Amino acid sequence: MSKNLVIVESPAKAKTIEKFLGKDYIVKSSFGHIRDLAKKNYGIDIDNNYKPDYIILNEKKKIINELKKDVKKAESVLLASDEDREGEAIAWHLYEVLKLKNKKTKRIVFNEITKEAIKQAVENPGDINLNLVNAQQARRILDRLVGFELSSVLWRKVKSKLSAGRVQSVAVRLLVEREREIINFKPESSFKIIANFLYEDNEGKIIKFSAELAKKIKKEEEVLNFLKSLKDPIFTVEKVEKKPGKRSPATPFTTSSLQQEASRRLGFPVGKTMSVAQKLYESGHITYMRTDSVNLSNLALNTVKEFIISEFGDKFYKRRNYKTKSKSAQEAHEAIRPTYIKNEKIQASYDEVRLYDLIRKRTLASQMSDAEFEKTNVDISISNNDYKFTASGEVIIFQGFLKVYSESIQNNKEILPPLKKGQILKSEKIDAVQQFSKYPPRYSEAALVKQLEDKGIGRPSTYAPTISTIQNRGYVIKENRSGVKTDLIHYIYKGDIKKKIESKQYGAEKGKLFPTDIGMVVTDFLTDNFDNIIDYSFTANVEQEFDDIAEGEVIWYEMIDKFYKSFHKKVEDTIKHAERNTGERILGKDPKSGKQVSARIGKYGPIVQLGDTDDEDKPKFASLGKEHHIETIKLEEALELLENSGSGRLLGKDPDTGKNIYARFARYGAVVQLGESDDKEKPKYASLLKGMTIDTITIEQAKELFKLPRDVGTYENKKVVAAVGRFGPYIRHDSKFVSLKKDDDPLRVTIERSIELIEEKREKDKKKLIKDFGKEHDVIIIKDRWGKPCIYHKKKYFRLAANDKAEELSLDDCLKIIAKELPEKKQSKKNNKKKK
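Here is a short report on the structure shown in this document. It should be emphasised that the depicted structure is a prediction, and the values quoted were computed from it without experimental measurement. (Residues numbered from 1 in each chain as written. Predicted model: local features only at pLDDT ≥ 70, side-chain atom pairs only at ≥ 80, totals over all residues. Heavy atoms only, no water.)

With that settled, consider the pairing of strand β7 (residues 76-79). Of the two faces of β7, the one holding S76 and L78 and the one holding V77 and L79 are both buried throughout. As paired elements, strand β1 (residues 4-8) and β7 share 4 bridges and run parallel to each other. Each bridged residue has a counterpart across the sheet, and for N4 the counterpart in β7 is S76. For the segment spanning β7, helix α3 (residues 85-97) and strand β8 (residues 105-107), crossover handedness is right-handed. (Buried < 20%, exposed > 50% of the residue type's maximum accessible area, 1.4 Å probe, protein only. Helix = DSSP H or I, 4+ residues; strand = E, 2+ residues; numbered from the N terminus. Pairing = 2+ DSSP bridges. Right-handed = clockwise from strand over helix to strand, strands pointing away.)

This is the structure we're talking about:
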């Protein structure tokens, strides 16, 4: 056994580090965090200085047992988790759980996984920084308290199964406020007037260039007057102004700027950027990727200098020492950069190669000369009126850093011909095109990260999880929207004036974040009742307090106590006195019935409602489709939805029964319905297959669907039935269900194909089966979807402890485990019902 045990949090990191250390070292992984707060009582002893109650994660018990054995055999233990607060906390949890001793245990940190960095870290070990641990612990405890208590309020006052978070709710608020800006935005019309001029050079070659009317004209009448005034106009170059310009390179990447640039250039979502960067770091290709520092080490600066001068020459090099503006930039000591700048190519996946190339080029560019260009501005006068056209262009004189790193937003300015003052120009044509002012842009993931960073909300390690969480909770959706077709007026002047109408798509969005109705209602409720919690400056101040804890300037539990007492009182007061909020919006009255029409959040999502809940007549409801929102739906649209809600879209009559066939939305999705909902005889339903929609399904397709479930044949003297359920198409045989594959059609699947799928499922189940105690006991031991052994009994799964050997368990052992876990499962179900 090796004398020295090194523990890291990632197996990939362990593999890379092991290559650099000799035979005296063994490197093992904890596979991330090994403990978390217990669920019971929030996992926090509030009356005892918020002492956390940590429990070992079930899936980590086996790993811990193995690490304990390794610790006993080792002479020394080096804890080598990441250098940020999260990594420091992992090291501390390992120290506590493995019962390590001070003399035997040391903490090592490094910013990059290279032979030199690892050797230096091992030669200069330190101790666990408890200030960093306390900062992480304070964040975890505060987030647990805020999340659990706010969620309990939302369950009671808005809708069940909702949750809130200290940072996530603020992120949603940003999106909701932007959405409201867009909803309330009133576009203004104006006309962009562009003249195409012709310039003849010394060789008689005609060069075309364009210039824009300096003044925006808003009214169509004024545009016509301007164009009519152009009777045989003379266009004269009135002024030519040339100015030298410079453009400096951007700083090396921080976590935030890498996420933004990878989104713009590579189309990576924020989570993907971090996942790919993690792999690059663990493979030793880049420095640590969770950082808000823009600083480069002296060693990095010198190697970059050597490379630039040798590759491009002295003129392209300029040393730049960047300083981070943010006071809180303490999570790592250096920007994200390649570990070896000379490595232009790496052996890695396609996405890793692309991200590495981006990081390398940005690092090189940050130490290169400014790009130099000449900017030309030209004014062109018109002989018969006071208007002027202006043109501008740029010519790059010296590439500088642009040699390796072109800017993400390309410069669209054209290169102008060598114009001179007093020169007469010919106009080919003049276009006057109507345009509308655009509302503020919705946030992409990268833009939201920038906004969070600018407001001091969250830290490098929290951006990606925050954006992932708000989408998973259904408060935000990320999608493309096609926009709206708008008719535009286009005048063309070529001696005479022609008018035409053109259609243009306005408001198209790609990969943007949209708050959902429930996200908007929850934000409104929290703003009304907990404004300080989702206040931007409050959230930023809390982050600063975490930084102060990390610096040892504040005691963590005092910081939490100062916040929690007043917060908890507010929670209790809100539960007692606040009105229930469903985001109800009154749209108007139905002209037929005179009843009120409203939009609100219902049990299963946003709905429109005809009539009041306390009316004698039962109110009528209809779900809002994807294209409708509580805040924007109009009365006419709501009435149309309500009209179709009971029956949906009428497809036609069934020739056999004479009953109507409809396509409509039901509780779990789109269905076709045979017969009326209020018939004495219960109507028949069938789920729509993938690719079918309510708007496009035909009566022929609907009639086919009513043939389901259908008998396919028999196998082993038992019936085989094809059908469609809540989770999609399947076949049923011997009381067992087998899902159909993507290309299988329940209406066409043959008995031969069904047998093939049944046998395939049996083979799969055999591989999963560890032990079967017979049908009479209904107890089996199988591998779950993650390949881990568990007991399956009466459609419930029961996890095994790390020291339980599945193959050796008897029926009695299994029944004891079931008896032990069953009350917990029942209690958990009971608690969920109480919360509802």
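Once the structure has been displayed, the description carries forward.
We now examine the sheet that holds strand β30 (residues 736-739). The 4 strands are arranged β27-β28-β29-β30 in an open sheet whose pairing can be described as antiparallel. Of all the strands in the sheet, just β27 (710-715) and β30 have a single pairing partner and so form its edges. Mean inter-strand twist for the sheet, computed between neighbouring axes without regard to direction, equals 30°. Sheet analysis places β27 next to strand β28 (residues 718-725), joined by 5 bridges and oriented antiparallel. Paired with T714 across the two strands is K719, which belongs to β28. (Axes fitted to C-alpha atoms, helices over the stretch in contact; angles between N-to-C directions.)

One can expect most non-glycine residues to show negative phi and most peptide bonds to be in trans. Omega for the peptide link from L708 to P709 comes to -5°, which places this bond in the cis form. Mapped onto the secondary structure, P709 falls in the loop between α18 (699-705) and β27. If you check the backbone angles, D232 has positive phi at about 45° while not being a glycine. Unlike most non-glycine residues, K795 shows phi in positive territory, near 65°. With respect to the helices, strands and loops of the structure, K795 is situated in the loop between β33 (789-793) and β34 (796-799).

The relative placement of two aromatic rings is captured by the distance of their centres and the angle of their planes. Per the counting criterion, the structure on display carries 20 aromatic pairs. Measuring from centroid to centroid gives 4.7 Å for F316 and F398, while their planes differ by 45°, and the two rings are tilted. Taken as a pair, F316 in the loop between α10 (298-312) and α11 (350-365) and F398 in strand β13 (residues 388-398) lie far apart in primary sequence, 82 residues in all. For the residue pair F316 and F398, the accessibility class agrees, reading buried in each case. On the basis of an interplanar angle of 20° and a centroid distance of 5.1 Å, the ring pair of F563 and F567 is categorised as stacked. Of this pair, F563 and F567 both sit in helix α16 (residues 556-577), separated by 4 residues, roughly a single helical turn. Residue classification places F563 among the buried positions, given a relative accessible area of 11%. Grouped by ring-pair contacts, the aromatic residues Y50, F530, F538, F563, Y564 and F567 constitute a single cluster. (Phe/Tyr/Trp six-rings, centres within 6.5 Å; stacked < 30°, edge-to-face > 60°.)

A few words now on the pattern of salt bridges. With the rule as written, the count across this model stands at 53 salt bridges. A salt bridge links E181 to R178, with the shortest nitrogen-to-oxygen separation between them at 3.5 Å. Here E181 pairs with R178, and both are found in helix α6 (residues 168-183), just 3 residues apart, close to one helical turn. When its relative accessible area of 16% is taken as the criterion, R178 is described as buried. Here D784 ties to R799 by a salt bridge, and the two come within 2.9 Å at their closest N and O atoms. On the criterion of sequence distance, the pair formed by D784 in the loop between β32 (779-783) and β33 and R799 in strand β34 is long-range, its members being 15 residues apart. R799 gets classed as partly exposed once you look at its relative accessible area, which sits at 41%. Residues joined by salt bridges that share partners form a network here, namely E9, K13, D82, D84 and R290. (Salt bridge = Lys/Arg side-chain N within 4 Å of Asp/Glu carboxyl O.)

The subject of this paragraph is the side chain of T339. For T339, the position within the fold is in the loop between α10 and α11. One polar contact links the side chain of T339 to the main-chain carbonyl oxygen of G284, over a distance of 2.7 Å. Those residues in contact with T339 that sit more than four places away from it in its chain are E112, T114, G284, H285, I286 and T287. (Polar contact = N/O pair within 3.5 Å; in protein donor to acceptor, adjacent residues only side chain to side chain. Contact = heavy atoms within 4.5 Å.)

Bringing the sheet that holds β32 into the picture now. Sheet strands line up and pair through hydrogen bonds in the backbone, either parallel or antiparallel. Across the sheet, 4 strands lie side by side as β31-β32-β33-β34; this open sheet has antiparallel pairing. Of all the strands in the sheet, the pair left with one neighbour each is β31 (769-772) and β34. Direction aside, neighbouring strands of the sheet carry axes that sit 25° apart on average. Note: β33 against β34, 4 bridges, orientation antiparallel. Of the residues in β34, the one forming a bridge with H793 is K796. Relative to β31, helix α19 (residues 751-768) is tilted by about 80°, and along the sheet it contacts β31 and β32.

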